[in-house]
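Residues per chain, in single letters:
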Amino acid sequence: KPRVLSGIQPTADSFHLGNYLGAVRNWVSLQETHECFYFIPDMHAITVAYDPKVLKQRTFIATAQLLALGVNLDESIIFPQSAVPEHAMLAWILNCQTGFGEASRMTQFKDKSSKQERTSVGLFTYPILQAADILLYQANAVPVGEDQRQHLELTRDLAIRMNNTYKRVFTVPEPHILKETATIKDLGDPERKMSKSNSTKNGLIELRDEPARIRKKIRSAVTDTGSEVTYDPENKPGVSNLLVIYSALADKSLQQLEADYAGKGYGDLKKDLGEVVADFCEPIAKSTQEYLSDQAELQRVLDSGAQRAREVASTTLARVYDRVGFFPPV
Ligand code: ATP
Ligand code: MG
């Protein structure tokens, strides 16, 4: 079976709709055809200001949410990045293969560093650690949202470069980006993506939000001038974003929705979408709570995931160490 790898950061107490519609939904469906490695990049989470007291708890929450959303442990593993030291070890080697100018072109760094009081070097080298995450597992496919396309391109460049320098050591991975939901926008600022660490609380729908809160957030989402419910991302980014969310969750095409709302207004759309989103989130939030109530079990899930991950990661790293001219770890 071809192999899939992807991660989601423990940078909040919940995933948001963008994480699900852009990425995790695809993680679930790829399980049927792929061997899947899913991980919680806690090492990436400390590239920005964070609270060490909640980091582990957020990793447990992320694990519980993945299980609630349909990641199936008969077919996939879930593990914390920090439990597999090979990630940091390979990242060092890749750091030494990456040009400073090349790394400086990463737009996520520009975006995130502009919002930090103090920018760490870790935030700058984030995409290189991400390349290590992927290449260690010889992943064929990486299901992510559009915002990760540039990092995937860097990963591919590094894989090709390493393969040329050290003979074939890595599989060159392909991004798997769902076209329709590649970027879910912030509800308060539809020019920006919905984001765990950069959206305001009203700009994002967290999957653990209360139904009443969800309906309220959707009601107060920024819409556009005009009154017709039409999909037009250029001129109507707010309404178009709501239609994309609706279409994905209700499994109706955008054209179908436009037809349904012909002659109706933004208010009608928001009212119905509020119900659709609340109905989607409620059972998932409940199931997440159930998984969270047994932390010992979540710990076992992560331990066995990390064990399996290390088998694969250490095999790749041993080969790379040898080719590079390093001594094996004792
Ligand atoms: P942070 O703001 O801390 O970076 P995030 O919301 O960007 O958090 P990540 O954990 O960085 O979430 O990303 C997890 C996955 O979700 C990635 O595959 C990413 O591309 C995808 N993703 C994140 N935001 C969106 C969005 N608004 N629309 C579609 N996909 C998204
Ligand atoms: Mg992100």
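Overview of the structure. Bear in mind the structure is a predicted one, so any value in this text is a computation, not a measurement.

A closer look at the packing of helix H4 (residues 86-95) against helix H7 (residues 121-135)
And then number 1: Their axes nearest at 8 Å, the elements H4 and H7 cross at an angle of 120 degrees. The orientation of H4 relative to H7 falls into the category oblique. For H4 against H7, the interelement crossing comes out right-handed. Every residue of H7 that contacts H4 at His87, Ala88, Leu90, Ala91, Leu94 and Asn95 is listed here: Thr125, Ile128, Leu129, Ala131, Ala132, Asp133 and Leu135.
And then number 2: Split into classes, the residues belonging to the contact of H4 with H7 amount to nine nonpolar, three polar and one charged.

Focus: empty space enclosed by the protein
And then number 1: All told, the structure shown has one cavity of 30 Å³ or more when counted by the stated rule.
And then number 2: Quantified by volume, the largest cavity comes out at close to 30 Å³.
And then number 3: Lining the largest cavity, in full, are Met106, Gln108, Phe109, Lys112, Leu123, Tyr126, Pro127 and His151.
And then number 4: Of all elements in the fold, only helix H6 (107-113) and H7 reach the threshold of two or more residues within the lining of the largest cavity.
And then number 5: Its residues assigned to classes, the lining of the largest cavity shows five nonpolar, two polar and one charged.

So, the nonpolar core
And then number 1: In this structure, Leu17, Leu66 and Val277 are the most contacted members of the largest nonpolar core, which totals 55 residues.
And then number 2: Elements supplying a minimum of two residues to this core: helix H1 (17-30), strand S2 (35-40), helix H3 (52-69), helix H9 (211-219), helix H10 (237-250), helix H12 (266-292) and helix H13 (295-324).
And then number 3: For this core, the leading source of residues is H12, giving nine residues.
And then number 4: Those residues in contact with Leu66, other than ones at most four positions away along the chain, are Ile8, Phe15, Val24, Trp27, Ile40, Val71 and Ile78.
And then number 5: Residues Leu5, Leu136, Val142 and Ile177 belong to the second largest nonpolar core, which totals 39 residues.

Regarding a positive patch on the surface
And then number 1: On the surface, a cluster of positive charge is contributed by Lys167, Arg168, Arg319 and Arg323.
And then number 2: Inspection of the secondary structure assignment puts Lys167 in the loop between helix H8 (149-166) and strand S5 (174-176).
And then number 3: Judged by its relative accessible area of 60%, Lys167 is exposed.

What counts, and where the lines are drawn
Residues numbered from 1 in each chain as written. Chains lettered and ligands numbered in written order. Predicted model: local features only at pLDDT ≥ 70, side-chain atom pairs only at ≥ 80, totals over all residues. Heavy atoms only, no water. Axes fitted to C-alpha atoms, helices over the stretch in contact; angles between N-to-C directions. Helix = DSSP H or I, 4+ residues; strand = E, 2+ residues; numbered from the N terminus. Parallel < 35°, antiparallel > 145°, perpendicular 65-115°, else oblique. Left-handed = near helix turned anticlockwise from the far one by under 90°. Contact = heavy atoms within 4.5 Å. Nonpolar A, V, L, I, M, F, W, Y, C, P; charged D, E, K, R; others polar. 1 Å grid on protein atoms, 1.4 Å probe; cavity = no way out; pocket = protein on both sides within 12 Å on 5 of 7 lines; lining within 4 Å. Points joined across faces, edges and corners; volume = space filled by probe spheres on them. Core = buried A, V, L, I, M, F, W, Y, C linked by side-chain atoms within 4.5 Å. Buried < 20%, exposed > 50% of the residue type's maximum accessible area, 1.4 Å probe, protein only. Patch = residues over 30% accessible without salt bridge, like charges linked within 9 Å, V, L, I, M, F, W, Y side chains within 5 Å. Areas by Shrake-Rupley, 256 points an atom, 1.4 Å probe, with all protein chains shown as cover. Salt bridge = Lys/Arg side-chain N within 4 Å of Asp/Glu carboxyl O. Lys, Arg positive; Asp, Glu negative; His and termini not counted. Charge placed at Lys NZ, Arg CZ, Asp CG, Glu CD.

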